[in-house]
Amino acid sequence: MPRRPRRLHHLHAPPPRRIVLPWPLPAVLVWAAAWLLFAGLRGSVAPLAALGLACAVGVAGSLLAQGWWRRGLIALGFPLSAALGGAVALPAWGWLLPLALLLLVYPLNAWRDAPLFPTPPGALHGLQDAVPLSAGAPVLDAGCGLGDGLKALRAAYPQARLHGLEWSGPLALLCRLRCPWARVRRGDIWATDWGGYDLVYVFQRPESMARVAAKARAEMAPGRWLVSLAFAVPGVRPSARLDSFAGHAVWIYQLPLPADSAAPH
């Protein structure tokens, strides 16, 4: 039985510095790359194929942006400019291709959960001290996206057996490429049993946290751990809390979760 951690409130984990391009430079670079690819392919492949590959560049580039409106601008910039400029003659249904690519990467049912927002580097720093796990412990990132949460978990638990679950097929594939040391599967986090994991990590929306808590209560054994970045389980006092990035917190809960408890501070 893991020991109960001390309550932590002031453990700051500044993320490492990384290069951040000022907006709208990322959009301009992705749009330029899409147009260069389109121009290079035009004449050598079918117009629909050239359009599809160039749109794929925009959708892939949108994964690097923060915020839904910026992702949308990056992904839709090339097809909108191509349509307005008459760069390619396509049947009306051909312009559904960019939308199809967006829905492939961002499935509609995934929008009901958390938007694609990666775990910042360093956000889980100190988690290994608050929640000590044995070597080989199974850990799940429920909704792993592109794998940033798995990377943060690996930094905290290099000896753990890390698993990722992601509904979007393309994102799951990219996550496998970025995190070859983790077992990443495409699947529904709500339909998959959490009972086989010592720790489940989520980065959800506030509206989803009651559902997260209900699933953890129903499936996770006493002594296991639920860890949430930024959003607390409503009405449940955490076992520990780590201060993280931008004033947010890492909320740590040891099972079993009480059905009704004092609200967290």
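Please read all numbers here as calculations on a predicted model, not as lab measurements. (Residues numbered from 1 in each chain as written. Predicted model: local features only at pLDDT ≥ 70, side-chain atom pairs only at ≥ 80, totals over all residues. Heavy atoms only, no water.)

**Q** Account for the sheet that holds strand 5 (residues 225-229), with residues named and values stated.
**A** Across the sheet, seven strands lie side by side as 3-2-1-4-5-7-6; this open sheet has mixed pairing. Pairing within the sheet leaves two strands with one partner each, and these edge strands are strand 3 (183-186) and strand 6 (240-243). Averaged over all pairs of adjacent strands, the angle between strand axes in this sheet comes to 20°, irrespective of strand direction. As paired elements, strand 1 (residues 138-142) and strand 4 (residues 199-202) share three bridges and run parallel to each other. (Pairing = 2+ DSSP bridges. Helix = DSSP H or I, 4+ residues; strand = E, 2+ residues; numbered from the N terminus. Axes fitted to C-alpha atoms, helices over the stretch in contact; angles between N-to-C directions.)

**Q** An account of the UniProt feature "transmembrane region" (unreviewed entry) in the protein is requested, with residue identities and associated values reported.
**A** Here, the residues flagged by UniProt with the feature "transmembrane region" (unreviewed entry) are residues 20-38, 44-65 and 72-89. End C-alpha to end C-alpha, residues 44-65 measures 31 Å, and it is 73% helix and 0% strand. (UniProt positions renumbered as here; feature names shortened; annotations may be inferred.)

**Q** Pulling in residues and values, what's your account of the pairing of strand 1?
**A** Of all five residues in strand 1, five are buried, a share of seventy percent or more. Alternating positions in strand 1 separate into two faces, Pro-138, Leu-140 and Ala-142 on one and Val-139 and Asp-141 on the other, with burial throughout. Sheet topology note: the strand 1/strand 2 (residues 161-166) ladder contains five bridges and is parallel. From the neighbouring strand, Val-139 faces strand 2, where its bridge partner is Leu-162. (Buried < 20%, exposed > 50% of the residue type's maximum accessible area, 1.4 Å probe, protein only.)

**Q** Residues and numbers for helix 8 (residues 169-178), please.
**A** Within an α-helix, residues lying three or four positions from one another point in the same direction, as the helix has 3.6 residues per turn. By the burial criterion, the buried members of helix 8 are Leu-171, Ala-172 and Cys-175. Seen end-on, helix 8 carries its buried residues on one side only, within an arc spanning 100°. (Arc of directions from axis to C-beta.)

**Q** Explain the side chain of Asp-141 residue by residue, including any values.
**A** Summarising the element assignment, Asp-141 is placed in strand 1. As a buried residue without a salt bridge, Asp-141 has its nearest oppositely charged side chain in Arg-178, at a separation of 9.5 Å. Apart from residues lying up to four places away in sequence, Asp-141 is in contact with Gly-149, Leu-150, Leu-153, His-163, Gly-164, Leu-165 and Tyr-201. (Lys, Arg positive; Asp, Glu negative; His and termini not counted. Salt bridge = Lys/Arg side-chain N within 4 Å of Asp/Glu carboxyl O. Contact = heavy atoms within 4.5 Å.)

**Q** Help me get a handle on the layout of surface pockets, residues and values and all.
**A** Volume-wise, the second largest pocket comes out at about 180 Å³. The biggest single contributor to the lining of the second largest pocket is helix 7 (residues 148-156), with five residues. (1 Å grid on protein atoms, 1.4 Å probe; cavity = no way out; pocket = protein on both sides within 12 Å on 5 of 7 lines; lining within 4 Å. Points joined across faces, edges and corners; volume = space filled by probe spheres on them.)

**Q** Can you explain the pattern of salt bridges? Please cite residues and give values.
**A** With the rule as written, the count across this model stands at five salt bridges. A salt bridge links Arg-178 to Asp-148; the shortest N-O distance between them is 3.3 Å. With Arg-178 in helix 8 and Asp-148 in helix 7, the pair connects residues that are 30 residues apart, well separated along the chain. The salt bridge partner of Arg-205 is Glu-207, with a shortest N-O separation of 3.7 Å. Overall, the relative accessible area of 56% leaves Glu-207 in the exposed class.

**Q** Tell me what's going on with helix 9 (residues 209-219), and back it up with residues and numbers.
**A** Residues of helix 9 that are buried: Met-209, Val-212, Ala-213, Lys-215 and Ala-216. Projection of helix 9 onto a plane perpendicular to its axis shows the buried side chains occupying an angular sector of 165°, all on one side. Buried positions along helix 9 lie against strand 4 and strand 5.

**Q** Could you give an account of the packing of helix 1 (residues 25-41) against helix 2 (residues 47-62), with specific residues and numbers?
**A** Packing of helix 1 against helix 2 brings their axes to within 9 Å, and their N-to-C directions diverge by 160°. By the angle between their axes, helix 1 is roughly antiparallel relative to helix 2. For the pair helix 1 and helix 2, the sense of crossing is right-handed. Of the residues in helix 2, those touching helix 1 at Val-30, Ala-33, Ala-34, Leu-37, Phe-38 and Leu-41 are Ala-50, Leu-51, Leu-53, Ala-54, Val-57, Gly-58 and Gly-61. Residues of the contact of helix 1 with helix 2, tallied by class, amount to 11 nonpolar, two polar and no charged. (Parallel < 35°, antiparallel > 145°, perpendicular 65-115°, else oblique. Left-handed = near helix turned anticlockwise from the far one by under 90°. Nonpolar A, V, L, I, M, F, W, Y, C, P; charged D, E, K, R; others polar.)

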